[in-house]
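# Per-entry structural report
These are the residues of each chain, in order.
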Amino acid sequence: MGHHESLSRIIEEIVVPQAAEVDRSAAFPRKAVDALADAGLLALTVPSEHGGGGQDLRAATDVIRQLSTACGSTAMVTLMHYSAVAALTAADSGDVLREIAAGRHLSTLAFSEAGSRSHFWAPVSTATDEGGQVRLDARKSWVTSAGEADSYVWSSRPLTAAGPMSLWLVEAGSPGLSIGPEFDGLGLRGNDSRPVAADGLLVPASARLGPDGAGLDLALTAVLPCFLLLNAAASIGLMQAVTRETAEHLTRTRLQHLNRSLAGQPESRAILARMRIETDRTAALLDATLAALAEGREDAQLLVLEIKAAADGGAAEVADLAMTACGGAAFRKELGIERRFRDSRAARVMAPTTPALLDFVGRALCGLPLLDGADA
């Protein structure tokens, strides 16, 4: 069975039936994640030489989009895992990649910190030499799958080298690692996003991913494009789902005194049309970005910076329109639109946030470095 068939089966049999309960109880979608692992979908982008699927970002974005049409939390857990795989692949971490390929390992990113908030490129956590081992001390603010992942791709200040960041592979359950209280938030309620702290956490020097001090380069070249594209795919999946659900509601709900459906109202049809146009426009931008990357075009980097900002705003707008088109019914949980509306709010505050991305795009257009302190 190919990954398309496996994904469709998992979505139909597991993800869709549990989506409302995952949201209601803020439960981690463990059954779906295990099914994705067993089907090889968590290893989709692991290089084939390590036993993985060897697929590219286009395949990964399609998986995330489809998952997001059913459950935003399941999509976010998978998205963060794929982003961690991008770092592990760039650092050639063969042992853990083989564990992922065998369906035994879920990873995630641990970048955002209480001290620097959404400025992931400026960690304040530290790494110090402890006689051949490395001591990590940190207060990570938001880590998806915090209590469920098997490992974290972890950022810190460099050990000794110049540069803003080093990256490490930190195993879950390591002494000195503590997980914060369970997540009880507005949207994406099942993604188990929690604070994670390290107090005297010791890792071997071999846990470093790439050279000391070069973590930001790895994050910007390998992790960030993956995260931005997959986040956009998640937003597009949400937009597609809420547009479909709105159309279904308009066509099946009748105004008895007029003897016609809500779809008979031109105002409702116009709102639905705006939703579909915004959804298609955003999906086209994602496709153009993937094509630019595959072709190595000069505008690829700019499009990568644009896509999440565009999709973040598009998802929020389409969800807003759905609430307007469906009226009071949209506030009821059984329709599903209320859940999409809450989920649509999350992407704009995920680092890099929409304001940060708009600044990056503006800097790129003006020929300025993306980050202050970088060489012009």
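Residues numbered from 1 in each chain as written. Predicted model: local features only at pLDDT ≥ 70, side-chain atom pairs only at ≥ 80, totals over all residues. Heavy atoms only, no water.

## Overview of the packing of helix 6 (residues 215-252) against helix 7 (residues 266-295)
We apply this condition: The axes used here are C-alpha line fits, helices contributing only the stretch in contact, and every angle between their N-to-C directions lies in the interval 0 to 180 degrees. What counts as a helix is a DSSP run of H or I of at least four residues, what counts as a strand is a run of E of at least two, and both are numbered from the N terminus. Note on angle classes: values under 35 degrees are labelled roughly parallel, values over 145 roughly antiparallel, values of 65 to 115 roughly perpendicular, and the remainder oblique. A crossing counts as left-handed when the near helix is turned anticlockwise from the far one by less than a right angle, and as right-handed when that turn is clockwise. Contacts are residue-level and defined by heavy atoms, with any inter-residue pair within 4.5 Å sufficient. We call Asp, Glu, Lys and Arg charged. Ala, Val, Leu, Ile, Met, Phe, Trp, Tyr, Cys and Pro are nonpolar, and the rest, Gly among them, are polar.
Closest axis-to-axis distance for the helix 6/helix 7 pair is 10 Å, and the angle between their directions is 155 degrees. Regarding the angle of helix 6 to helix 7, the classification is roughly antiparallel. The interaxial crossing formed by helix 6 with helix 7 has left-handed handedness. Taken together, the residues of helix 7 that come into contact with helix 6 (itself represented by Leu-229, Ala-232, Ala-233, Ile-236, Met-239, Gln-240, Val-242, Thr-243, Thr-246, Ala-247 and Leu-250) are Ser-268, Leu-272, Met-275, Arg-276, Glu-278, Thr-279, Thr-282, Ala-283, Leu-286, Thr-289, Leu-290 and Leu-293. Residue composition of the contact of helix 6 with helix 7, grouped by class: 14 nonpolar, 7 polar and 2 charged.

## Considerations on the environment of Ala-138
For the record, the criterion: Whether a residue is buried, partly exposed or exposed follows from its accessible area with a 1.4 Å probe, protein chains only, as a fraction of its type maximum: under 20%, in between, or over 50%, in that order.
Here Ala-138 shows up in strand 3 (residues 133-143). The class of Ala-138 is buried, set by a relative accessible area of 5%. Spatially, the C-alpha atoms of Ala-138 and Ala-32 are 31 Å apart, while their sequence positions differ by 106 residues. Ala-138 has contacts with Ser-125, Trp-154, Val-196, Ala-197 and Ala-198, leaving out every residue within four places of it along the chain.

## Description of the packing of helix 4 (residues 72-90) against helix 5 (residues 94-101)
The axes of two packed helices give the description: the angle between them and the distance between them. Remark: helix 4 packs on helix 5, axes separated minimally by 9 Å, with the N-to-C direction vectors making an angle of 145 degrees. Here the hand of the crossing between helix 4 and helix 5 comes out left-handed. Counted together, His-81, Val-85, Leu-88 and Thr-89 of helix 4 and Val-96, Leu-97 and Ile-100 of helix 5 form the full contact between these two elements. Within the contact of helix 4 with helix 5, the residues separate by chemical class into 5 nonpolar, 2 polar and no charged.

## Looking at the sheet that holds strand 4 (residues 151-156)
Here is the rule: A pair of strands is considered paired only if DSSP assigns at least 2 bridges between the two.
Overall, mixed pairing links the 4 strands, which are arranged 1-4-5-8 in an open sheet. A strand with exactly one partner marks an edge of an open sheet, and here the two such strands are strand 1 (107-110) and strand 8 (208-209). Summarising the sheet, strand 5 (residues 166-171) and strand 8 pair through 2 bridges and their orientation is antiparallel. Across the sheet, residue Trp-168 finds its bridge partner in strand 8, namely Arg-208.

## Some details on helix 6
Quick note on the threshold: For a helix, the expected span equals 1.5 Å multiplied by the number of residues minus one. Each residue is assigned a bend, namely the angle between axes fitted to the seven residues that terminate at it and the seven residues that start at it.
Relative to the 56 Å expected for 38 residues at 1.5 Å per residue, helix 6 spans 53 Å between its end C-alpha atoms, a close match to the ideal helical length. Maximum bend of helix 6: about 45 degrees, positioned at Val-223, with proline Pro-225 one to four residues after it. Here helix 6 lies mainly inside the structure; 29 of its 38 residues are buried.

## Side note on the domain arrangement of the protein
Applicable threshold: Per the annotation, domain bounds derive from an automatic or database assignment of domains. Two parts lose some accessible area (1.4 Å probe) when they are put together, and adding that loss for both gives the buried area. Salt bridges are identified by distance alone: a Lys or Arg side-chain nitrogen within 4 Å of an Asp or Glu carboxyl oxygen. We call two N or O atoms a polar contact when they sit within 3.5 Å, provided that within protein one can donate a hydrogen and the other can accept it, with sequence-adjacent residues counted only if both atoms are side-chain atoms.
Here the protein is described as being made up of domain 1 (3-106), domain 2 (110-213) and domain 3 (216-366). Distance from the C-alpha centre of domain 1 to the C-alpha centre of domain 2: 22 Å. Of the residues lining the interface, 23 residues belong to domain 1; the matching set on domain 2 comes to 16 residues. Interface of domain 1 and domain 2: buried area, both sides summed, is about 1500 Å²; carbon and sulfur atoms make up 62% of it. Contact with domain 2 buries surface across domain 1, with Ala-26, Phe-28 and Leu-106 losing the most and accounting together for 28% of the total. Remark: the boundary between domain 1 and domain 2 carries 1 salt bridge. With a shortest N-O distance of 3.0 Å, Arg-30 and Glu-148 are connected by a salt bridge. Between domain 1 and domain 2 we count 8 residue pairs in polar contact (both at pLDDT 80 or more) in total.

## With respect to the sheet that holds strand 6 (residues 177-179)
Strands sit in the order 2-3-7-6 across an open sheet of 4 strands; the sheet is antiparallel. Of all strands in the sheet, those with a lone pairing partner are strand 2 (126-130) and strand 6, marking the two edges. The average angle at which neighbouring strand axes cross in this sheet is 15 degrees, direction not considered. As paired strands, strand 2 and strand 3 are joined by 5 bridges and run antiparallel to one another. The residue of strand 3 that forms the bridge with Ala-127 is Leu-136.

## As for the packing of aromatic side chains
How we decide: The rule is short: rings of Phe, Tyr and Trp, with Trp giving its six-membered ring, pair when the centres are within 6.5 Å, and they are stacked under 30 degrees, edge-to-face over 60, tilted in between. Only Lys NZ and Arg CZ are tested; either one counts as a charge over a ring when it is within 6 Å of the ring centre and within 35 degrees of the ring normal.
Per the counting criterion, the structure on display carries 5 aromatic pairs. For the ring pair Phe-111 and Phe-120, a centre distance of 6.3 Å and an interplane angle of 15 degrees mean the geometry is stacked. Accessibility classification places Phe-111 together with Phe-120 in one group, the buried group. Taken together through their ring pairs, the aromatic side chains of Phe-111, Phe-120, Trp-121 and Phe-360 make up a single cluster. The ring of Trp-154 carries Lys-140 above its face, with NZ or CZ at 5.2 Å from the centroid.

## Notes on unusual backbone geometry
The omega angle of the peptide bond from Ala-351 to Pro-352 is -5 degrees, so this bond is cis rather than trans. Along the chain, Pro-352 turns up in the loop between helix 9 (337-343) and helix 10 (354-365). Of note in the backbone geometry, Ala-26 takes a positive phi value of approximately 55 degrees without being a glycine. Overall, Ala-26 belongs to the partly exposed group, its relative accessible area being 21%. A positive phi angle, close to 55 degrees, is found at Asp-92, a residue other than glycine. For Asp-92, the position within the fold is in the loop between helix 4 and helix 5.

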